[in-house]
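Letter by letter, the chains look like this.
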Amino acid sequence: MRILICEDSVLLREGLVRLVEDGGHTVVAALPDASELFATVAETDPELCILDVRLPPTFTDEGIRAALELRAKRPELPVLVLSQYVEERYASELITSQGGALGYLLKDRVADVSEFLDSLARIGQGATVLDPEVVAQLLTRRTQDDRMARLTERERTVLALIAEGKSNQAIAGLLFLSEASVEKHITAIFQKLGLEPDESGNRRVLAALAHIERSGGSPQTGTAR
(Lines give C-alpha, C1' and ligand atoms only; values in the text may rest on other atoms or scores of the structure.)
Protein backbone atom coordinates (compact mmCIF):
# COMPACT_ATOMS: atom_id res chain seq x y z
CA MET A 1 0.00 0.00 0.00
CA ARG A 2 0.94 3.64 -0.46
CA ILE A 3 0.83 5.13 3.03
CA LEU A 4 1.00 8.70 4.36
CA ILE A 5 2.16 9.23 7.96
CA CYS A 6 1.41 12.32 10.06
CA GLU A 7 3.23 12.19 13.42
CA ASP A 8 4.98 15.01 15.27
CA SER A 9 7.51 12.91 17.20
CA VAL A 10 10.60 12.49 15.04
CA LEU A 11 11.53 9.18 16.65
CA LEU A 12 8.08 7.68 16.32
CA ARG A 13 7.63 9.08 12.81
CA GLU A 14 10.89 7.58 11.60
CA GLY A 15 10.10 4.36 13.44
CA LEU A 16 6.74 4.12 11.69
CA VAL A 17 8.36 4.78 8.32
CA ARG A 18 10.86 1.98 8.88
CA LEU A 19 8.22 -0.40 10.21
CA VAL A 20 5.81 0.27 7.35
CA GLU A 21 8.49 -0.04 4.68
CA ASP A 22 9.90 -3.22 6.23
CA GLY A 23 6.34 -4.55 6.04
CA GLY A 24 6.41 -4.17 2.26
CA HIS A 25 4.53 -0.87 1.95
CA THR A 26 5.57 2.48 0.47
CA VAL A 27 5.59 5.68 2.52
CA VAL A 28 4.58 8.48 0.16
CA ALA A 29 5.02 11.22 2.80
CA ALA A 30 5.90 11.59 6.48
CA LEU A 31 4.58 14.86 7.92
CA PRO A 32 5.30 16.48 11.33
CA ASP A 33 1.87 18.18 11.52
CA ALA A 34 -1.40 18.51 9.62
CA SER A 35 -0.71 21.90 8.02
CA GLU A 36 0.13 20.33 4.62
CA LEU A 37 -1.95 17.17 5.07
CA PHE A 38 -4.70 17.82 2.57
CA ALA A 39 -2.40 19.23 -0.11
CA THR A 40 -0.07 16.24 0.33
CA VAL A 41 -2.96 13.78 0.13
CA ALA A 42 -4.07 15.40 -3.12
CA GLU A 43 -0.52 15.30 -4.48
CA THR A 44 0.53 11.79 -3.42
CA ASP A 45 -2.85 9.97 -3.50
CA PRO A 46 -2.12 7.54 -0.63
CA GLU A 47 -4.11 4.35 -0.07
CA LEU A 48 -4.08 4.78 3.71
CA CYS A 49 -3.30 7.61 6.14
CA ILE A 50 -1.85 7.19 9.64
CA LEU A 51 -2.39 10.16 11.96
CA ASP A 52 -1.44 10.90 15.55
CA VAL A 53 -4.29 12.35 17.65
CA ARG A 54 -2.13 15.07 19.19
CA LEU A 55 -0.33 17.30 16.71
CA PRO A 56 1.14 20.83 16.73
CA PRO A 57 0.48 23.58 17.45
CA THR A 58 -1.56 22.82 20.61
CA PHE A 59 -0.89 19.07 20.87
CA THR A 60 -4.50 18.41 21.88
CA ASP A 61 -6.83 17.15 19.16
CA GLU A 62 -5.50 18.50 15.85
CA GLY A 63 -4.83 15.03 14.49
CA ILE A 64 -8.21 13.50 15.17
CA ARG A 65 -9.99 16.62 13.89
CA ALA A 66 -7.87 16.36 10.72
CA ALA A 67 -8.94 12.72 10.44
CA LEU A 68 -12.59 13.76 10.66
CA GLU A 69 -12.09 16.39 7.95
CA LEU A 70 -10.18 13.91 5.81
CA ARG A 71 -13.03 11.39 6.03
CA ALA A 72 -15.49 14.12 5.06
CA LYS A 73 -13.41 15.17 2.04
CA ARG A 74 -12.11 11.74 1.03
CA PRO A 75 -14.59 9.23 2.49
CA GLU A 76 -13.13 6.36 0.49
CA LEU A 77 -9.64 6.83 1.99
CA PRO A 78 -8.81 4.43 4.87
CA VAL A 79 -7.60 6.21 8.00
CA LEU A 80 -5.72 4.87 11.03
CA VAL A 81 -5.58 7.10 14.12
CA LEU A 82 -2.89 6.43 16.75
CA SER A 83 -3.24 7.77 20.26
CA GLN A 84 -1.80 7.46 23.75
CA TYR A 85 -5.29 7.77 25.20
CA VAL A 86 -8.96 7.58 24.23
CA GLU A 87 -10.16 11.00 23.10
CA GLU A 88 -13.79 10.15 23.77
CA ARG A 89 -15.48 13.19 22.26
CA TYR A 90 -13.92 13.03 18.81
CA ALA A 91 -13.34 9.26 18.88
CA SER A 92 -17.07 8.66 19.03
CA GLU A 93 -17.69 11.16 16.25
CA LEU A 94 -14.93 9.66 14.11
CA ILE A 95 -16.09 6.08 14.55
CA THR A 96 -19.74 6.82 13.85
CA SER A 97 -19.01 9.11 10.88
CA GLN A 98 -19.67 8.01 7.33
CA GLY A 99 -16.58 6.92 5.46
CA GLY A 100 -14.35 4.07 4.44
CA ALA A 101 -12.16 1.76 6.47
CA LEU A 102 -11.03 3.04 9.85
CA GLY A 103 -8.63 2.15 12.63
CA TYR A 104 -8.23 3.62 16.12
CA LEU A 105 -5.35 2.06 18.02
CA LEU A 106 -3.54 3.05 21.18
CA LYS A 107 0.16 3.59 20.61
CA ASP A 108 1.32 0.72 22.79
CA ARG A 109 -0.24 -1.53 20.14
CA VAL A 110 2.53 -0.44 17.74
CA ALA A 111 4.98 -2.29 19.99
CA ASP A 112 3.60 -5.56 18.61
CA VAL A 113 4.92 -5.25 15.04
CA SER A 114 3.13 -8.24 13.54
CA GLU A 115 -0.20 -7.21 15.06
CA PHE A 116 0.24 -3.62 13.88
CA LEU A 117 1.08 -4.70 10.33
CA ASP A 118 -1.89 -7.07 10.36
CA SER A 119 -4.12 -4.17 11.44
CA LEU A 120 -2.75 -2.04 8.60
CA ALA A 121 -3.50 -4.79 6.10
CA ARG A 122 -7.05 -5.28 7.37
CA ILE A 123 -7.79 -1.54 7.34
CA GLY A 124 -6.36 -1.31 3.82
CA GLN A 125 -8.71 -4.12 2.79
CA GLY A 126 -11.74 -2.25 4.12
CA ALA A 127 -12.06 -3.40 7.73
CA THR A 128 -12.70 -1.34 10.84
CA VAL A 129 -10.14 -2.09 13.56
CA LEU A 130 -10.67 -0.55 16.98
CA ASP A 131 -8.56 -0.98 20.09
CA PRO A 132 -10.64 -2.87 22.70
CA GLU A 133 -9.92 -0.16 25.28
CA VAL A 134 -11.40 2.44 22.93
CA VAL A 135 -14.54 0.36 22.58
CA ALA A 136 -14.73 -0.33 26.31
CA GLN A 137 -14.56 3.37 27.22
CA LEU A 138 -17.11 4.40 24.60
CA LEU A 139 -19.49 1.59 25.47
CA THR A 140 -19.38 2.38 29.20
CA ARG A 141 -19.56 6.12 28.68
CA ARG A 142 -23.33 6.04 29.02
CA THR A 143 -23.46 3.77 32.07
CA GLN A 144 -26.93 5.03 32.93
CA ASP A 145 -28.29 3.56 29.68
CA ASP A 146 -30.15 0.47 30.90
CA ARG A 147 -29.67 -1.21 27.52
CA MET A 148 -25.90 -1.32 28.05
CA ALA A 149 -26.43 -2.53 31.61
CA ARG A 150 -28.22 -5.57 30.20
CA LEU A 151 -25.02 -6.90 28.62
CA THR A 152 -23.18 -9.58 30.53
CA GLU A 153 -19.42 -9.43 31.01
CA ARG A 154 -18.99 -12.14 28.36
CA GLU A 155 -21.15 -10.20 25.89
CA ARG A 156 -19.04 -7.07 26.43
CA THR A 157 -15.92 -9.14 25.77
CA VAL A 158 -17.40 -10.52 22.55
CA LEU A 159 -18.40 -7.02 21.44
CA ALA A 160 -14.88 -5.71 22.05
CA LEU A 161 -13.36 -8.58 20.05
CA ILE A 162 -15.74 -7.91 17.16
CA ALA A 163 -14.55 -4.30 17.23
CA GLU A 164 -10.96 -5.49 16.86
CA GLY A 165 -12.02 -7.05 13.57
CA LYS A 166 -11.98 -10.62 14.89
CA SER A 167 -14.10 -13.16 13.04
CA ASN A 168 -16.58 -15.40 14.84
CA GLN A 169 -14.11 -18.26 14.42
CA ALA A 170 -11.27 -16.22 15.96
CA ILE A 171 -13.47 -15.11 18.87
CA ALA A 172 -14.47 -18.72 19.49
CA GLY A 173 -10.82 -19.74 19.63
CA LEU A 174 -9.83 -16.92 21.97
CA LEU A 175 -12.72 -17.53 24.37
CA PHE A 176 -12.70 -21.34 24.06
CA LEU A 177 -16.26 -21.35 22.78
CA SER A 178 -17.99 -22.93 19.81
CA GLU A 179 -18.83 -20.68 16.86
CA ALA A 180 -22.50 -21.38 17.56
CA SER A 181 -22.08 -20.01 21.08
CA VAL A 182 -20.38 -16.88 19.74
CA GLU A 183 -23.24 -16.36 17.29
CA LYS A 184 -25.73 -16.67 20.16
CA HIS A 185 -23.81 -14.06 22.17
CA ILE A 186 -23.77 -11.68 19.21
CA THR A 187 -27.49 -12.15 18.63
CA ALA A 188 -28.15 -11.49 22.32
CA ILE A 189 -25.98 -8.35 22.31
CA PHE A 190 -27.87 -6.67 19.54
CA GLN A 191 -31.26 -7.81 20.79
CA LYS A 192 -30.46 -6.17 24.14
CA LEU A 193 -29.29 -3.00 22.38
CA GLY A 194 -32.37 -2.94 20.19
CA LEU A 195 -30.37 -3.13 16.95
CA GLU A 196 -31.24 -4.95 13.76
CA PRO A 197 -29.02 -7.90 12.75
CA ASP A 198 -26.23 -7.07 10.31
CA GLU A 199 -23.92 -9.33 8.36
CA SER A 200 -20.83 -7.26 9.20
CA GLY A 201 -19.49 -7.49 12.74
CA ASN A 202 -17.66 -4.19 12.36
CA ARG A 203 -20.78 -2.40 11.19
CA ARG A 204 -22.71 -3.78 14.12
CA VAL A 205 -20.17 -2.31 16.53
CA LEU A 206 -20.35 1.03 14.75
CA ALA A 207 -24.13 0.82 14.93
CA ALA A 208 -23.94 0.15 18.65
CA LEU A 209 -21.64 3.12 19.21
CA ALA A 210 -23.83 5.34 17.08
CA HIS A 211 -26.87 4.13 19.00
CA ILE A 212 -25.26 5.07 22.32
CA GLU A 213 -24.17 8.44 20.93
CA ARG A 214 -27.72 9.16 19.80
CA SER A 215 -29.01 8.25 23.25
CA GLY A 216 -28.06 11.74 24.37
CA GLY A 217 -25.69 13.30 26.86
CA SER A 218 -22.91 15.78 26.43
CA PRO A 219 -19.65 14.48 24.95
CA GLN A 220 -16.88 14.06 27.47
CA THR A 221 -13.31 15.19 27.13
CA GLY A 222 -10.42 12.82 26.53
CA THR A 223 -9.39 10.37 29.21
CA ALA A 224 -5.64 10.22 29.88
CA ARG A 225 -4.00 6.86 30.25
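Now for a description of the structure that goes with this document. Source: prediction; values computed, not measured. (Residues numbered from 1 in each chain as written. Predicted model: local features only at pLDDT ≥ 70, side-chain atom pairs only at ≥ 80, totals over all residues. Heavy atoms only, no water.)

1. A closer look at the overall build of the chain
Part 1 of the reasoning: Regarding its fold elements, the chain presents 11 helices and six strands.
Part 2 of the reasoning: Pairs at least 24 residues apart make up 68% of the contacts formed inside the chain by residues separated by at least 6 positions.
Part 3 of the reasoning: A total of about 10,600 Å² of accessible surface is found on the chain, and carbon and sulfur atoms cover 49% of it. (Helix = DSSP H or I, 4+ residues; strand = E, 2+ residues; numbered from the N terminus. Contact = heavy atoms within 4.5 Å. Areas by Shrake-Rupley, 256 points an atom, 1.4 Å probe, with all protein chains shown as cover.)

2. So, the sheet that holds strand β1 (residues 2-6)
Part 1 of the reasoning: With parallel pairing, the six strands of this open sheet are ordered in space as β2-β1-β3-β4-β5-β6. The outermost strands of the open sheet, each flanked by one partner alone, are β2 (26-31) and β6 (128-130). In this sheet, neighbouring strand axes are inclined to one another by 15° on average, regardless of whether the strands run parallel or antiparallel.
Part 2 of the reasoning: Relative to strand β4 (residues 79-83), strand β3 (residues 48-52) runs parallel, the two being bridged by four bridges. Bridging across to β4, C49 finds its partner in V79.
Part 3 of the reasoning: Each of β3, β4 and β5 (102-106) is contacted by helix α3 (residues 62-73), which is oriented at about 155° to β3, the strand it contacts most. (Pairing = 2+ DSSP bridges. Axes fitted to C-alpha atoms, helices over the stretch in contact; angles between N-to-C directions.)

3. Quick look at the packing of helix α9 (residues 168-175) against helix α10 (residues 179-192)
Part 1 of the reasoning: Where α9 contacts α10, the axes come no closer than 8 Å and their chain directions differ by 105°. The orientation of α9 relative to α10 falls into the category roughly perpendicular. Contact with α9, carried on its side by N168, Q169, I171 and A172, involves E179, V182, E183 and I186 of α10 and no other residues of that element.
Part 2 of the reasoning: Here the residues of the contact of α9 with α10 are counted per class, giving four nonpolar, two polar and two charged. (Parallel < 35°, antiparallel > 145°, perpendicular 65-115°, else oblique. Nonpolar A, V, L, I, M, F, W, Y, C, P; charged D, E, K, R; others polar.)

4. Some words on the state of the cysteines
Part 1 of the reasoning: Summed over all chains, the structure comprises zero disulfides.
Part 2 of the reasoning: The cysteine C6 is free of any disulfide, with C49 supplying the nearest cysteine sulfur at 8.6 Å.
Part 3 of the reasoning: Given the relative accessible area of 0%, C49 is considered buried. (Disulfide = S-S within 2.5 Å. Buried < 20%, exposed > 50% of the residue type's maximum accessible area, 1.4 Å probe, protein only.)

5. Here's the deal with the pattern of salt bridges
Part 1 of the reasoning: Under the defined criterion, the tally for this structure stands at nine salt bridges.
Part 2 of the reasoning: Between D118 and R122 there is a salt bridge; the shortest N-O distance is 3.0 Å. Separated by four residues within a single helix, D118 and R122 lie in helix α5 (residues 113-124), roughly one turn from each other.
Part 3 of the reasoning: Note that K192 is salt-bridged to E155, the shortest N-O span being 2.8 Å. Here K192 is found in helix α10, whereas its partner E155 is found in helix α8 (residues 153-163), with 37 residues between them in sequence. (Salt bridge = Lys/Arg side-chain N within 4 Å of Asp/Glu carboxyl O.)

6. Some points on the environment of Q137
Part 1 of the reasoning: Secondary-structure assignment places Q137 in helix α6 (residues 132-140).
Part 2 of the reasoning: Judged by its relative accessible area of 15%, Q137 falls in the buried class.
Part 3 of the reasoning: When the C-alpha atoms of Q137 and V86 are compared, they prove to be 7.6 Å apart, with 51 residues separating the residues in sequence.

7. A word on the pairing of β5
Part 1 of the reasoning: Taken across its five residues, β5 has five buried, putting it largely inside the fold.
Part 2 of the reasoning: Taken together, the five bridges between β4 and β5 define a ladder with parallel strand orientation. By the bridge assignment, V79 is partnered in β5 with L102.
Part 3 of the reasoning: The handedness of the β4 to β5 crossover, carried by helix α4 (residues 88-96), is right-handed.
Part 4 of the reasoning: Note: β5 against β6, three bridges, orientation parallel. Its bridge partner lying in β6, Y104 is registered against L130. (Right-handed = clockwise from strand over helix to strand, strands pointing away.)

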